[in-house]
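# Overview (structure and organization)
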Amino acid sequence: MRVTLVKEFVHANFPSTKLLDYALAVETVTTSKKDNLILNVDGCIAVSFVDLLRNSGAFSAEEAEQYLENGVLNGLFVLGRSIGLIAHHLDQKRLRTSLYRHPWDDITYMLPELSKGGAPGNEGRIEVNIKQ
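Rules behind the numbers
- Residues numbered from 1 in each chain as written.
- Predicted model: local features only at pLDDT ≥ 70, side-chain atom pairs only at ≥ 80, totals over all residues.
- Heavy atoms only, no water.
- Salt bridge = Lys/Arg side-chain N within 4 Å of Asp/Glu carboxyl O.
- Helix = DSSP H or I, 4+ residues; strand = E, 2+ residues; numbered from the N terminus.
- Buried < 20%, exposed > 50% of the residue type's maximum accessible area, 1.4 Å probe, protein only.
- Phe/Tyr/Trp six-rings, centres within 6.5 Å; stacked < 30°, edge-to-face > 60°.
- Expected span 1.5 Å × (residues − 1).
- Contact = heavy atoms within 4.5 Å.
- Axes fitted to C-alpha atoms, helices over the stretch in contact; angles between N-to-C directions.
- Nonpolar A, V, L, I, M, F, W, Y, C, P; charged D, E, K, R; others polar.
- Core = buried A, V, L, I, M, F, W, Y, C linked by side-chain atoms within 4.5 Å.
- Polar contact = N/O pair within 3.5 Å; in protein donor to acceptor, adjacent residues only side chain to side chain.

Right, let's get into the pattern of salt bridges. Per the counting criterion, the structure on display carries three salt bridges. Across the salt bridge formed by D42 and R81, the nearest N and O atoms sit 2.4 Å from each other. On the criterion of sequence distance, the pair formed by D42 in helix α3 (residues 41–55) and R81 in helix α5 (residues 72–94) is long-range, its members being 39 residues apart. For D42, a relative accessible area of 26% corresponds to the partly exposed category.

On to the packing of aromatic side chains, then. One pass over the full model with this rule turns up two aromatic pairs. The interplanar angle of 80° and the centroid separation of 6.2 Å between the aromatic rings of F9 and F14 together place this pair among those described as edge-to-face. For F14, a relative accessible area of 18% puts it in the buried group. With a centroid separation of 5.3 Å and 70° between ring planes, the pair formed by F59 and Y67 is classed as edge-to-face. Given the relative accessible area of 40%, Y67 is considered partly exposed.

Moving on: α5. In an α-helix, one full turn covers 3.6 residues, which means residues spaced three or four apart are oriented alike. For α5, which comprises 23 residues, the first-to-last C-alpha distance of 33 Å matches the rise-based estimate of 33 Å (1.5 Å per residue) to within 8%. Three or more residues of α5 are buried, namely L73, F77 and Q92. Elements that come into contact with the buried residues of α5 comprise α3 and α4 (61–69). Note on α5: the residue one or two positions beyond its end, R96, has a positive phi of about 55°.

The contact between α3 and α4 brings their axes to 8 Å, and the two run at 145°. Here V50, L53 and R54 of α3 lie close against α4, whose contacting residues are A64, E65, Y67 and L68. Across the contact of α3 with α4, the residue classes tally to five nonpolar, no polar and two charged.

Okay, the nonpolar core next. Counting residues in each nonpolar core, the largest one holds eleven residues, listed as V3, V6, V10, F14, L20, A23, L24, L39, V41, C44 and V47. Elements supplying a minimum of two residues to this core: α1 (2–13), α2 (18–33) and α3. Aside from chain neighbours lying at most four places away, what touches L24 is K7, H11 and L39.

The subject of this paragraph is the environment of L39. Take L39: it is sitting in the loop between α2 and α3. Distance from L39 to V26, taken between C-alpha atoms, is 8.6 Å for residues 13 residues apart in sequence. In this structure L39 touches V3, L20, A23, L24, E27 and C44, once residues within four positions along its chain are discounted.

What follows deals with the environment of T28. Within the secondary structure, T28 is located in helix α2. Taking the relative accessible area as the measure of exposure, T28 reaches 53% and is therefore exposed. Once the C-alpha coordinates of T28 and L39 are considered, the two residues, eleven residues apart in sequence, prove to be 9.4 Å apart. A distance of 3.0 Å separates a polar side-chain atom of T28 from the backbone oxygen of L24.

Shown next, in the form of C-alpha cells:
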C-alpha cells in the first residue's frame, strides 16, 4: 500500500519519473521470476528522490550527482529510521514497558570453543571482512 501511495504521488507531482518508471519495469521482470522480488517502499522512495533531485530544476546535474555521491540517500533513510526509533521509545514509555531486547545468543555468532566467556561482551566474536 505504501509503495502504491508513493508511486501515485510521484507520477502526479514530479516533473520526471524516468528512474521510477525504470524501477517499475525491472520489478515486472523480477516478479515474473519470483513473486517476492518487488520494489519495496525504500527502493521506491530512493528512485523517486533521485528523479526529483535530478529534475526539479533546483540543482545542476553536477550538484545532483555530488549530493548522491556524498550519500544523501543514506542520510534520508537514517533520518527516517531515527524518527521511528524515537517514536517506538516514546510509545513504550507511554505503555510503561521496556524496549524489546532480542535474546543475545540468538543474534551473536560464536564458535563453540570461544563461547565460554560468560557475560555479553566477554565471549569470543568472529569478524568477517569482505574484500572488494
